[in-house]
Structure formats: structure tokens, C-alpha cells
Amino acid sequence: ETLRLIVNEGKKRGIPTITHAVSVIDTLAAVDAGTAVLVHTPHIGRLEEDPAAVEKIAKAGIPMTSTLAVFTPHFGADNTPLFRDGLPFPWNTISSAGQGPVNARLLWEAGVSIGYGTDTSWAPKDSLRDELRALSLTFSPRDIVTIMTRNAARSALKADTLGTLEPGKLGDLVVIDG
């Protein structure tokens with residue numbers, strides 16, 4: 001009910017609500033509340049055991065920002081596995097590293113728009129590398145292009161100006177021969 005109140009107040013003021021939902025239960029509550037964007041692929045809870053939840057999340061049409069790399073280690077210069085905050089990697093979270101990608105794929109196949117995002121404090125170049133590594137475990141290169149472009153713009157609530165190459169949108173393009 002608290003989340004629903006927050007979403008409704010945001011709507012009254014023209015402010016979209018972005019919900020950081022890490023579990024299937026959190027995600028379903030955010031869908032029920034009508035949040036504008038879901039951040040985090042749910043990694044606590046098994047969507048393969050709940051097809052009705054997958055369908056409900058997909059039917060809501062709410063874009064989701066993936067942060068799959070948060071539960072896989074970032075490696076420091078000395079090859080030490082680190083967590084998003086620079087502390088030692090908490091190996092007890094490894095089940096999330098498995099469940100998050102499975103849930104992401106199930107949601108993707110149901111039609112959920114999953115866009116690129118990160119949940120770490122690393123430099124952008126490092127966060128991008130880590131997230132691409134995590135995404136490539138679950139998604140094809142073609143899927144990842146969509147995740148990094150059109151869907152990332154949708155998750156950032158900027159699909160009207162970014163994400164695809166078409167008249168009236170902003171963009172940078174580099175063409176390389178070879």
C-alpha cells in the first residue's frame with residue numbers, strides 16, 4: 001500500500017516512480033502499484049515456477065532495467081573478486097547470480113523490455129564491461145544490441161528522444177570499415 005501511495009503521489013505531480021525491486025514478490029507489488037520502471041531483474045524467487053507471475057509482469061508493459069552484473073564478481077587489478085562497493089565479493093549471494101539471469105530470460109521471452117543498467121559504483125567503462133559479461137550469459141548479441149539501445153532508452157524514460165536511429169531523435173553514430 002505504501003508503494004501504491006508513492007506511485008499515485010508521483011503521478012499527481014508528473015513524477016515517474018522507479019522501483020528497485022529485487023525479488024519476485026517486490027516486482028509483483030511494483031506492478032500492482034503501477035510503477036513507471038522496474039530496476040533490477042528479480043533475482044530472489046523462481047519465475048520458472050510461477051508462469052502466472054511472468055505473464056502478469058509482461059502484461060503490465062513496464063520497462064525493466066537489468067543489473068545482472070551486481071551478483072557476479074568484479075575483478076580488481078590484483079585479480080581479487082570484489083562486490084559492487086569494492087569490498088570482498090559475498091559468495092553467499094551466488095544463487096542470485098544464477099536466478100537473476102534465468103528470470104531475466106523468462107521475462108524477455110514473455111515480452112518484457114529489458115534495458116541496460118548497472119547497480120555498482122565502478123567507473124562507467126568497468127560497469128559496462130561487467131554488465132555486458134553478465135548479459136552475454138543469457139542473451140544473444142542481437143538481444144544485447146536491443147538491450148543497450150532501444151530498451152535502455154525506454155528504461156530511462158527517454159524513448160521519445162533516444163535509443164533508435166530515426167528522424168527527430170538524438171544520436172551519435174560511428175561507422176567503421178572493417
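Residues numbered from 1 in each chain as written. Predicted model: local features only at pLDDT ≥ 70, side-chain atom pairs only at ≥ 80, totals over all residues. Heavy atoms only, no water.

Enquirer: I keep staring at the packing of aromatic side chains and nothing clicks. Help me out?
Expert: Aromatic ring pairs are reported here in terms of the distance separating the ring centres and the angle at which the planes meet. If you walk through the whole model with that rule in mind, you get 4 aromatic pairs. With centroids separated by 6.4 Å and ring planes inclined at 45°, the aromatic side chains of Phe-71 and Phe-83 adopt a geometry described as tilted. Of this pair, Phe-71 sits in the loop between strand S3 (64-66) and strand S4 (74-75) while Phe-83 sits in the loop between strand S5 (81-82) and helix H4 (94-109), and the two are 12 residues apart along the sequence. Centre to centre, the rings of Phe-89 and Trp-91 are 4.6 Å apart; their planes meet at 65°, and the pair counts as edge-to-face. (Phe/Tyr/Trp six-rings, centres within 6.5 Å; stacked < 30°, edge-to-face > 60°. Helix = DSSP H or I, 4+ residues; strand = E, 2+ residues; numbered from the N terminus.)

Enquirer: So what exactly am I meant to see when it comes to the packing of helix H2 (residues 24-33) against helix H3 (residues 51-60) here?
Expert: Packed helices, taken two at a time, are described by the angle their axes make and the gap between the axes. Put simply, H2 and H3 touch, their axes get as near as 10 Å, and they point 40° apart. Here H2 lies oblique to H3, going by the angle between them. Relative to H3, H2 is oriented so that their crossing is left-handed. Facing H2, whose interface residues are Val-24, Thr-27, Leu-28, Val-31 and Asp-32, H3 presents Ala-53, Lys-56, Ile-57 and Ala-60. Within the contact of H2 with H3, the residues separate by chemical class into 6 nonpolar, 1 polar and 2 charged. (Axes fitted to C-alpha atoms, helices over the stretch in contact; angles between N-to-C directions. Parallel < 35°, antiparallel > 145°, perpendicular 65-115°, else oblique. Left-handed = near helix turned anticlockwise from the far one by under 90°. Contact = heavy atoms within 4.5 Å. Nonpolar A, V, L, I, M, F, W, Y, C, P; charged D, E, K, R; others polar.)

Enquirer: Explanation requested: the sheet that holds strand S1 (residues 18-20) in the structure shown.
Expert: Two strands in a sheet stick together by hydrogen bonds in their backbones, pointing the same way (parallel) or opposite ways (antiparallel). Strand order in the open sheet formed by 4 strands is S1-S2-S3-S6, with parallel pairing between adjacent strands. Either end of the sheet is taken by a strand with one partner, and the two such strands are S1 and strand S6 (114-116). Adjacent strand axes in the sheet meet at a mean angle of 30°, parallel and antiparallel pairs treated alike. Pairing geometry for strand S2 (residues 37-39) and S3, over 2 bridges, is parallel. Pairing of Leu-38 across the sheet is with Met-64, part of S3. (Pairing = 2+ DSSP bridges.)

Enquirer: Explain a nonpolar patch on the surface here, please?
Expert: There is a patch of nonpolar side chains on the surface, built from Leu-165, Leu-173 and Val-175 and spanning about 380 Å² of accessible area. Within the element layout of this structure, Val-175 appears in the segment after helix H7 (150-155). (Patch = residues over 30% accessible without salt bridge, like charges linked within 9 Å, V, L, I, M, F, W, Y side chains within 5 Å. Areas by Shrake-Rupley, 256 points an atom, 1.4 Å probe, with all protein chains shown as cover. Salt bridge = Lys/Arg side-chain N within 4 Å of Asp/Glu carboxyl O.)

Enquirer: Would you mind showing me how to read helix H6 (residues 141-148) here?
Expert: Residue pairs spaced three or four apart in an α-helix point in one direction, given the helix's 3.6 residues per turn. Residues Asp-143, Ile-144, Thr-146 and Ile-147 constitute the buried set of H6. End-on view of H6: buried residues confined to an arc of 160°, all on one side of the axis. In H6, those exposed residues whose orientation departs by more than 90 degrees from the buried face are Pro-141, Arg-142 and Val-145. Residues of H6 that are buried sit in contact with H4, S6, helix H5 (124-135) and H7. (Buried < 20%, exposed > 50% of the residue type's maximum accessible area, 1.4 Å probe, protein only. Arc of directions from axis to C-beta.)

Enquirer: What is the right way to read the pattern of salt bridges from this model?
Expert: Here the idea is simple: oppositely charged side chains can pair when their charged atoms come close. Per the counting criterion, the structure on display carries 14 salt bridges. Ionic pairing is found between Glu-55 and Lys-59, a salt bridge with its closest N-O pair at 3.0 Å. Taken together, the residues Glu-55 and Lys-59, both in helix H3 and 4 residues apart, mark about one turn of the helix. The exposed category is assigned to Lys-59, whose relative accessible area is 66%. With a shortest N-O distance of 3.4 Å, Arg-133 and Asp-130 are connected by a salt bridge. Residue Arg-133 and its partner Asp-130 are located together in helix H5, separated by 3 residues, close to a single helical turn.

So, to be careful, I would describe these as geometric facts and stop short of saying anything about function.
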